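Read off the chains here:
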Amino acid sequence: MLSIEEAAGLAAAFLGERVSNESMPMALVANEHAQVGGEIMFDCQSVAYIRSGDFRDMAIGIGHVAVNADTGECRLVGAVEAAELDLF
């Protein structure tokens, strides 16, 4: 089973490689994680929003990054599933 730190590293790499783009780089929100079943969920948001706190910089429609605690496989949780989980 992965530690929180290991899972966070995988989640950050996933965001950088699969989700971020030049116009909107994404990052994990510090200290926002939760264990849900066999997954570790991390809150994420645009780097601009994390720095500014200005709602105009928010990434809309993005949920969380889920990391399978056993395999390390990452997936992006959609906004609807994230809202249903109500984690952060």
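Placed above this text is the structure.
Described below are features of the structure shown in this document.

1. Let's talk about the pairing of strand β1 (residues 26-36)
Looking along a regular strand, one sees side chains alternate from face to face of the sheet.
Point 1. Note that β1 and strand β2 (residues 39-46) share seven bridges and pair antiparallel. Within the sheet, the bridge partner assigned to V36 lies in β2 and is E39.
Point 2. What sits between β1 and β2 in their antiparallel hairpin is a turn of two residues, with G37 showing a positive phi close to 60 degrees.

2. Some points on unusual backbone geometry
Point 1. Of note, the phi angle at N31 is positive, near 60 degrees, even though the residue is not glycine.
Point 2. Within the element layout of this structure, N31 appears in strand β1.
Point 3. The phi angle at D86 is positive, at roughly 50 degrees, despite the residue not being glycine.
Point 4. Mapped onto the elements, D86 comes out in the segment after α3 (79-85).
Point 5. Judged by relative accessible area, D86 falls into the exposed class, the value being 62%.

Conventions used here
- Residues numbered from 1 in each chain as written.
- Predicted model: local features only at pLDDT ≥ 70, side-chain atom pairs only at ≥ 80, totals over all residues.
- Heavy atoms only, no water.
- Pairing = 2+ DSSP bridges.
- Helix = DSSP H or I, 4+ residues; strand = E, 2+ residues; numbered from the N terminus.
- Buried < 20%, exposed > 50% of the residue type's maximum accessible area, 1.4 Å probe, protein only.

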